[in-house]
Amino acid sequence: MTDSEPGARENGHNSSDENPGENGSRSTVEGLDARLEALSRQVSSLREQLDDEREQRAELEDQLAARDERIHDLEEEVARLDARTDILEVVETADKMTGKQRTVTLVQHLHRAAKARERRDEPAAATVDRDEAEEALHFPDIDRTTVYRDMERAARLVDGSVLCYENGELILDLEAGDLPRRYTSEQGGGNL
């Protein structure tokens, strides 16, 4: 050992303080620490942005669900108004309707109902019982047996499983096939 080394230690100097490599390592660690802190702030900021985006997405999904529900309600209202318009047309001509005309009117009523369900992505089918048939025909004073005969006649008009009469109900299933065009509501009852 030399005399200068102990003196240096006594004066509070450490040989490592004078080591330039150690100073470089300390500055590198401090630089990495600062960079880590900056990256940590960026991650926090990105997490906040992600949370905001998720909230906005949830709000948009809620708005979309509300719009879908409103569209569904409007479609039901349009179908109800269409049915009401059809009833009014039937009322205007009710005094002159023959049995076949009443039968075709029932088939058309079922066809419209099945198509409305199809537009709502439901099975394209519809059912009508005697009370509903009477309402569709808008004949409050029609004899009960006449309505049943009209329903039976409607099932005989269309061969196959598309339209059938079972247990007092007239059942239309467009998924089993199509109605002849002369019996659909698109024809407007022109072939009655």
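Structure's up top.
Figured I'd write up the structure that's included with this text. (Residues numbered from 1 in each chain as written. Predicted model: local features only at pLDDT ≥ 70, side-chain atom pairs only at ≥ 80, totals over all residues. Heavy atoms only, no water.)

**Section: the nonpolar core**
Considering soluble globular proteins, one finds that nonpolar side chains tend to be buried as a cluster.
Link 1 in the chain: Among the nonpolar cores identified, the biggest contains 24 residues, and Leu-106, Leu-110, Leu-163, Leu-170, Leu-172, Leu-174 and Leu-179 are the most heavily contacted of them.
Link 2 in the chain: Looking at this core, the element that brings in the most residues is helix α3 (residues 99–119), giving five residues.
Link 3 in the chain: In this view, Leu-174 contacts His-111, Ala-114, Lys-115, Ala-124, Val-162 and Leu-179; residues no more than four positions away in its chain are not counted. (Core = buried A, V, L, I, M, F, W, Y, C linked by side-chain atoms within 4.5 Å. Buried < 20%, exposed > 50% of the residue type's maximum accessible area, 1.4 Å probe, protein only. Helix = DSSP H or I, 4+ residues; strand = E, 2+ residues; numbered from the N terminus. Contact = heavy atoms within 4.5 Å.)

**Thoughts on the sheet that holds strand β1 (residues 125–129)**
By way of backbone hydrogen bonds, the strands of a sheet pair with one another, either parallel or antiparallel.
Link 1 in the chain: An order of β1-β3-β2 is seen for the three strands of this open sheet, with the pairing classed as antiparallel. Every other strand in the sheet has two partners, leaving β1 and β2 (163–166) as the edge strands with one partner each. With strand direction ignored, the average angle separating the axes of adjacent strands in the sheet is 20°.
Link 2 in the chain: Bridge count between β1 and strand β3 (residues 169–173): five bridges; the pairing is antiparallel. Counterpart to Asp-129 in the pairing with β3 is Glu-169.
Link 3 in the chain: This element, α3, spans β1, β2 and β3 of the sheet and lies at about 140° to β1.
Link 4 in the chain: Against the sheet, helix α5 (residues 144–157) engages β1, β2 and β3, with an angle of about 140° to β2. (Pairing = 2+ DSSP bridges. Axes fitted to C-alpha atoms, helices over the stretch in contact; angles between N-to-C directions.)

**Some details on the pattern of salt bridges**
Link 1 in the chain: Following the criterion strictly, the structure yields eight salt bridges and no others.
Link 2 in the chain: Salt-bridge contacts for Asp-150 lead to Arg-102; the nearest nitrogen and oxygen are separated by 2.6 Å. Taken together, the residues span a long stretch of sequence, with Asp-150 in helix α5 and Arg-102 in helix α3 at a distance of 48 residues. Here Asp-150 matches Arg-102 in class, with each residue buried.
Link 3 in the chain: Connected through shared salt-bridge partners, Arg-102, Asp-150 and Arg-153 make up one network. (Salt bridge = Lys/Arg side-chain N within 4 Å of Asp/Glu carboxyl O.)

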